[in-house]
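# What the coordinates show
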Amino acid sequence: MENKTISRTLRLLSQLMELHNENSFKIKSVANAAFKIDKLPFAIKDKTLEEIEKIDGLGKSISSKVWELLNKGTMTDLDNILQETPEGIVDMLGIKGIGPKKIVVIWKDLGIETIGELHYACNENRLIEAKGFGLKTQEEIKKVIEFSMAAQGKFLYARAEGLVNKLFADFALWLNQFKNEPLLGIGGDYRRCLEIIEEVPFLIGSDSPEEVIDQLVNFDPLSFLEQTDGSFVADSPFGLKITLKVTERDSFYLDWFILTGNEQHVTEVLKHAGPGPFTSEQSIYQKAGLAYVEPELREGLNELELARTNKLPLLLTGQDLKGSLHNHSTWSDGVHTLEEMALFCKENLKLEYLGMCDHSKSAFYANGLNEQRVYAQHQEIDALNQKLAPFRIFKGIESDILNDGSLDYSEEILKTFDFVVASVHSNLRMDEEKATARLIKAIENPYTTILGHPTGRLLLSRKGYPIDYKKVIDACANNGVVIEINANPLRLDLDWRWHRYALERGVLLSVNPDAHRTEGFHDMHYGVLVGRKGGLTAAQCLNAMSLTEISTFFETKKNSISSSNQK
């Protein structure tokens, strides 16, 4: 075992001891020993226990730990303390810029136990109010985590989007030099708007493919290497794999179609369309006797059956959205005031309404609202509604679903809200049966209007709790509860793979940004994209309703509760 390995092990032990608030003298002794061993001019593994004990700064206690590590490959003290520490907390020790003292705050005060949860907390601006943190530290931590994600070769769609759009613009500008400007397209998972991207394939269709290939060395943004199949590959400066195929102009649309779709989808369409040539993707479907299928839907599910019978859904667009539900302000853990959030929706986004859903009282880590503060916020909303009319702010809350499935306010408080988003934020380690039962009980609460981020997943970092999707969706259908598509790019939950089942059961979906600052409203774009993948239409989307329609929807829900209580 190398000195550096021994040193790192002792360093980890000292950090964990600090996390668990052990004796400061012992912590310093272990940390000092780690430093000394790293600087030794000889290999400690070649020494006897007696010789190790004589090394300056070690002593008998630490020498025995080193000896145990050399002979057993492990250290009892380290093993014991690791058992008391969540794995994600240990991972955080590797993040540049945060040491044990800050991690204690993250773990104990904020209740964060994984790097994924930490990244999400940075996006929600939750760290800046914590002891020892600030905006600069928060942004540095976020950058380090995102760099680590990129090193794994996987990107959130939202993070890849800006990079890919820039590359597309660079390619388009570069192609201006060629006569009869070549065609340019992007395919693959990116064009189908999958939530996680590992590779982005570009396609160029030219009258002179050889000329384009010859000039490719002069494309400054990337350095391409030719592959055995004649395509090209480049590792972009930001870590995303980029591939390029240069083809004849006449075969561009066929190649673009093949490059885009799920293999099953492509095979089935071409079986009926034949070899081409084609002047557009629409002509490929037309020749196959099919209605045109939008790229997001080309996943080899039931889209071709719908295309044959001309029953494809008219997919939701961003322009269809009339309001934004599930948002946070400075009343809980948001960055902007309630009025600033409302004005941004009204003036910048030209929306008709805003649903304010600050955290409820159980979310102490997010400055959740107790009953008195709920009343105070409602007074502010009433005043703003008079000021901003006809724009309207709806009184909502993101009420925590407790372990037993109940919501964390009494009926007296719940009935004061226009709508309630019920979400799980704690105890994410239940098994499927318990997690499902917990959600169903919350869904059956008559005050629950929307089920928020149903699985609690954080893409690339936390799978989320296991649930029986069909039982949960069926419960929403039976109780008239809307299911959220949480549009935060880290969540995109409900997963688009279950949208079709929900829509078939008559469940409305709501594209909610979960915005904690005005910029967060733009995340609805990503919610729309995954909603489209799931076949969502404007008619099946709650916040595509007009102000009049959604006011009636909320009022009808409240009236049904009142009628039920009077019986």
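Since we're looking at a predicted model, the values are computed, not measured. (Residues numbered from 1 in each chain as written. Predicted model: local features only at pLDDT ≥ 70, side-chain atom pairs only at ≥ 80, totals over all residues. Heavy atoms only, no water.)

### Some remarks on the overall build of the protein chain
A tally of regular secondary structure across the protein chain gives 24 helices and 14 strands. Judged by the C-alpha coordinates and their principal axes, the protein chain covers about 85 × 75 × 45 Å. Of all 567 residues assigned to the protein chain, the portion counted as buried reaches 53%. Once local pairs closer than 6 in sequence are excluded, the contacts in the protein chain between residues at least 24 apart make up 69%. Approximately 25900 Å² of the protein chain is accessible, and the part contributed by carbon and sulfur atoms is 50%. (Helix = DSSP H or I, 4+ residues; strand = E, 2+ residues; numbered from the N terminus. Buried < 20%, exposed > 50% of the residue type's maximum accessible area, 1.4 Å probe, protein only. Contact = heavy atoms within 4.5 Å. Areas by Shrake-Rupley, 256 points an atom, 1.4 Å probe, with all protein chains shown as cover.)

### What about the pairing of strand 10 (residues 392-400)?
The buried fraction of strand 10 amounts to 8 of the 9 residues, a majority that puts the element mostly inside the structure. Two elements, strand 10 and strand 11 (residues 419-423), share 5 bridges in a ladder whose sense is parallel. Counterpart to E398 in the pairing with strand 11 is V421. (Pairing = 2+ DSSP bridges.)

### Examining the pattern of salt bridges
Taken as a whole and judged by the stated rule, the model has 28 salt bridges. Between R532 and E296 there is a salt bridge, and its shortest N-O distance comes to 2.6 Å. Of the two residues, R532 sits in helix 23 (residues 524-533) while E296 sits in the loop between helix 15 (281-287) and helix 16 (303-308), which places them 236 residues apart along the sequence. One exposure class covers both R532 and E296, and it is buried. A single network of salt bridges, built from pairs that share partners, joins D189, R192, E299 and K533. (Salt bridge = Lys/Arg side-chain N within 4 Å of Asp/Glu carboxyl O.)

### Things to note about the packing of helix 1 (residues 3-19) against helix 7 (residues 100-109)
At a minimum axis distance of 9 Å, the contact between helix 1 and helix 7 shows a crossing angle of 45°. Taken together, the axes of helix 1 and helix 7 are oblique relative to one another. Crossing of helix 1 over helix 7 shows right-handed handedness. Judged by residue contacts, Q15, E18 and L19 of helix 1 engage P100, K101, I103 and V104 from helix 7. (Axes fitted to C-alpha atoms, helices over the stretch in contact; angles between N-to-C directions. Parallel < 35°, antiparallel > 145°, perpendicular 65-115°, else oblique. Left-handed = near helix turned anticlockwise from the far one by under 90°.)

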